[in-house]
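Architecture and fold: a report
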Amino acid sequence: MWGGRFASGPDAIMEEINASIDFDRKLYIQDIEGSKAHAAMLATRGIISSDDASQIASGLDTILSEIERGEFEFSRALEDIHMNVESRLRELVGDAAGRLHTARSRNDQVALDFRMWVREQAKAMCTSIERLMNVLLEKAETHADSIMPGFTHLQSAQPVTFGHHCLAYVEMLARDRSRFADALERMNECPLGAAALAGTGFDIDRHQTSGSLGFREPTRNSLDTVSDRDFALEFLSAASICGTHLSRLAEEIVIWSTPQFGFVTMSDRFSTGSSIMPQKKNPDAAELVRGKIGRVNGSLVGLLTVMKGLPLTYSKDMQEDKEGVFDAAETLELCLAAMIGMIGDMRVNTQNMKAAAGSGFSTATDLADWLVREAGLPFRDAHHVTGRAVALAESEGKQLHQLPLDALQSIHGSITKGIYDVLSVDASVASRTSFGGTAPQNVRSQVNYWKDRLAAE
């Protein structure tokens, strides 16, 4: 490939470290689409003949067909997808192939191919995230009234509904989807035509190639264009945050499915057994989601580390930009699919959840709020009175609603039998009607809001 400048071929070790075809062959569709658009533009501008452009397009279609049929022979000696395609094109159409690279460099070519690939993956992530949101909305609607303990520090805090808990993840996923959508907006600029780093002296039309490849507009600075990998970093950042949300949900599923909690039962389709303990049903799909997200996070850190010390413009270090992104995209897509399946199949054990919701004096705040509303105590004083009631109940091995009225009145004389109206978990949940609260009517309202919003988008 470098016969004009180099007298000998690369050392075997150089070939091994330099070749990227083993992974960047994934970009073959984008490479061929970009080349067809470039050739068409060159012909429009009179830089190459229309006959050459026609031969190039026909040859590229043949190559695409060969690759998709598994008949294309990739060569490591040709380093990457770009040179593999160009070499085969020359075999097919002769000298016309040599004109394809006019006014173009592998620097802007790879920036284009990679950006187009990431763009498609970001769109796919938005679709998969929306599918998971819909599965969670179905569960939220079904369980708008299903009471469970809400936790802080993994200690019982206040009762909530399972529907409200599902909606918390809907909110997280909505932000994830918006991050991918925002990244799509920023990456929707076409690198083709920046050439090696300085642009080109040929009279090209970058707006034509930009439009034909589905971009909003061409990039505006050739130096930045060939050295930019922000689009990949943004994709990985959004993927890492989304993965973190999936991992948190996976951790909760692992906890909920233990016999000690018994809040949910996983389907056999997303569980495995033990090689030695026949009674075991392990939530391995959830555990694997939790584990695989580390790979996504690692890909983000890896690319940040590659890019942090590079001067403008292109350096060969940037060949390390793709494998992590490829792996992260595949991993996140798999984790989203697994979570969609798990949540869809998961059986919610409402009786177990409700029984656990009343433990740990979870309605203590309701007692304090009652003292503020009905007895006129300042909240800090009500907090103190409630703390004494909790201590008494704990010493007697009872829950708050099991304490007799005279015992409560011995702590504060303003307490009346009306207190028992707020000490049940049902009353506690029903009272949380503030916007964004856990009351069943709120849950149903938010389910409808998200259904309408997703349908409109």
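Residues numbered from 1 in each chain as written. Predicted model: local features only at pLDDT ≥ 70, side-chain atom pairs only at ≥ 80, totals over all residues. Heavy atoms only, no water.

Comments concerning the nonpolar core
- F180 and M339 are the most contacted members of the largest nonpolar core, which has 98 residues in total.
- Ranked by residue count, the leading element in this core is helix α11 (residues 230-256), at 14 residues.
- Core analysis: the second largest hydrophobic core is formed by 20 residues, A364, W370, L371 and V422 among them. (Core = buried A, V, L, I, M, F, W, Y, C linked by side-chain atoms within 4.5 Å. Buried < 20%, exposed > 50% of the residue type's maximum accessible area, 1.4 Å probe, protein only. Helix = DSSP H or I, 4+ residues; strand = E, 2+ residues; numbered from the N terminus.)

Some remarks on the packing of aromatic side chains
- Counted by the stated rule, this structure contains 9 aromatic pairs.
- With a centroid separation of 4.8 Å and an interplanar angle of 55 degrees, the aromatic rings of F72 and F74 are classed as tilted.
- Where Y449 meets W450, the ring centres are 5.1 Å apart and the plane angle is 75 degrees; that geometry is what we call edge-to-face.
- With a relative accessible area of 2%, W450 lands in the buried category.
- The rings of F114, W117, F231 and F326 are connected pair by pair, giving a single aromatic cluster.
- For K26, the ring lying beneath its charged end belongs to F326, and the centroid distance is 5.5 Å.
- Taking the ring centre of F114 as reference, the NZ or CZ of K322 above it sits at 5.6 Å. (Phe/Tyr/Trp six-rings, centres within 6.5 Å; stacked < 30°, edge-to-face > 60°. Lys NZ or Arg CZ within 6 Å of the ring centre and 35° of its normal.)

Details of the pairing of strand β1 (residues 147-152)
- Pairing geometry for β1 and strand β2 (residues 155-161), over 6 bridges, is antiparallel. Bridge pairing links T152 to Q155 in β2.
- Counting the residues between successive antiparallel strands, the hairpin from β1 to β2 contains 2 residues, one of them, H153, with a positive phi of roughly 60 degrees. (Pairing = 2+ DSSP bridges.)

Focus on a nonpolar patch on the surface
- A contiguous nonpolar surface patch, about 270 Å² in accessible area, is contributed by L197, L223 and L312.
- Assignment of secondary structure puts L197 in the loop between β3 (189-190) and α9 (206-212). (Patch = residues over 30% accessible without salt bridge, like charges linked within 9 Å, V, L, I, M, F, W, Y side chains within 5 Å. Areas by Shrake-Rupley, 256 points an atom, 1.4 Å probe, with all protein chains shown as cover. Salt bridge = Lys/Arg side-chain N within 4 Å of Asp/Glu carboxyl O.)

Quick notes on the environment of E66
- On the secondary structure map, E66 appears in helix α4 (residues 50-68).
- Between the C-alpha atom of E66 and that of G211, which follows or precedes it by 145 residues, the distance is 27 Å.
- Look past the residues within four positions of E66 in its chain and what remains in contact with it is E71, F72 and R88.
- A distance of 2.7 Å separates the side chain of E66 from the side chain of R88, its partner in a polar contact. (Contact = heavy atoms within 4.5 Å. Polar contact = N/O pair within 3.5 Å; in protein donor to acceptor, adjacent residues only side chain to side chain.)

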